Amino acid sequence: MSDLPDLDGRCYVVTGGSGGLGYWASEQLAQAGATVVIATRDLGRADAAVRSIRSRVPDAPVDVVRLDLADLSSVADAAEEIAALPRIDAVIANAGVLSTGGRSTTADGFEMMLGTNVLGHAALIAHLMPTIATRPGIRLVHLGSISHEFTRLDLDDLQSTDFREFRTYSRSKLAVMTYAFELDRRMRLAGLDAHSLVAHPGYAVDELAPRRDIEPTPKTGTALSRLGLRLIAQGKDAGARPIVAAATHPEAHGGQYWGPDGWRQLRGAPAVVAAKPYARDPEVAGRLWTEIERLTGVPHHLP
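Throughout, residues of each chain are indexed from 1 in the direction in which the sequence is written. For a predicted model such as this one, the threshold for reporting local features is a pLDDT of at least 70, and the threshold for listing and counting side-chain atom pairs is 80 or more; totals across whole chains, interfaces and linings nevertheless cover every residue. To obtain the side-chain values, all non-hydrogen atoms of the structure were used and water was disregarded.

*Asks:* I keep staring at the environment of Val244 and nothing clicks. Help me out?
*Replies:* Within the secondary structure, Val244 is located in helix 7 (residues 236–248). Residue classification places Val244 among the buried positions, given a relative accessible area of 0%. Every helix listed is a DSSP run of H or I at least four residues long, and every strand listed is a run of E at least two residues long, numbered separately from the N terminus. Accessible area is worked out with a 1.4 Å probe on protein chains only. A residue is then buried under 20% of its type maximum, exposed over 50%, and partly exposed in between.

*Asks:* Honestly, the side chain of Arg171 in this entry has me stumped. Any pointers?
*Replies:* Relative to the helices and strands, Arg171 resides in helix 5 (residues 165–189). When charges are counted, neither His nor the chain ends are considered; positive counts come from Lys and Arg and negative counts from Asp and Glu. The salt bridge definition used is simple: a Lys or Arg side-chain nitrogen within 4 Å of an Asp or Glu carboxyl oxygen. There is no salt bridge for the buried Arg171, and the closest opposite charge comes from Asp154, which lies 4.2 Å off by N-O distance.

*Asks:* I would appreciate a short explanation of the packing of aromatic side chains in the present structure.
*Replies:* Centre distance and the angle of the planes are the two values used to describe a pair of aromatic rings. Within 6.5 Å between ring centres, the rings of Phe, Tyr and Trp (the latter by its six-membered ring) count as paired, and their orientation is classed by plane angle as stacked under 30 degrees, edge-to-face over 60, tilted in between. Taken as a whole and assessed by the stated rule, the structure comprises three aromatic pairs. With a centroid separation of 5.5 Å and 80° between ring planes, the pair formed by Tyr23 and Trp24 is classed as edge-to-face. Classification of Tyr23 as buried rests on a relative accessible area of 0%. Trp24 gets classed as buried once you look at its relative accessible area, which sits at 6%. Pairing Phe150 with Phe166 gives two aromatic rings, centres 6.3 Å apart and planes at 35°, and the pair type is tilted. One end of the pair, Phe150, is in the loop between strand 5 (138–143) and helix 5; the other, Phe166, is in helix 5, with 16 residues separating them in the sequence. Per residue, the accessibility class of Phe150 equals that of Phe166, and both read exposed. The ring of Phe181 has Arg280 lying over it, and the distance from NZ or CZ to the ring centre is 3.8 Å. Lysine and arginine charges are scored as sitting over a ring when NZ or CZ, respectively, is within 6 Å of the ring centre and within 35 degrees of the ring normal.

Given below as structure tokens:
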């Protein structure tokens, strides 16, 4: 990503950095000189990602922290390791569950998409709040989705007892965005020099991305399918660019929503784009915040 600033000396934590969008964000940050900390559940996949990055950026400073967002005890352990880093410029809360093939639950009994996409990251950030409060300028970049446009939150059924896979996923992403915007509002009210913002990749697919030797092997598709996808989609390497821009752009700041600037935000260059107004509803956000802290048992302890 040639339009990135020189990131030498800066450090970025990327959850789910061993594959998909997280991998591409990690590679792009490393190419710009940053130290990257890949926080992921599967250490074997993390090692493959590190090797792939270093095959393109020799001796890149890439470290690994084990993080299972579907297990709050793992989240607490990972937060302790991350807090001990000598420098943190941004935490990119990228990891998530897209499909579960039916309703399943986390180690703590939460519906899997809510527990991983929302509660795990919220607990991680809450654990890190003392660090965030004392290290000026940290950015918290949350992975949103255009799918938030197709649903509304049901605060009476956050656990999706009435499970429908796409709806549950979409609601989890809307919850991520609602939490992220509310987090930024509360940090500003507390006087913290920290920024919470959201980024989304558009319609990003493996088939249009350059090949990388990581696990699992990214999908390649047929020549015909790739031709059709090029009309409406982009590779995951391009999809990672708004996420990286939100973490690094000199003019990025809290409360923004970054995504591709093309038609319906499906593809294009990184830009500040519009989220649905209900993602910023303060009444809904307040109720969601209370429920997140109740479920995780981890208060944010904002000053």
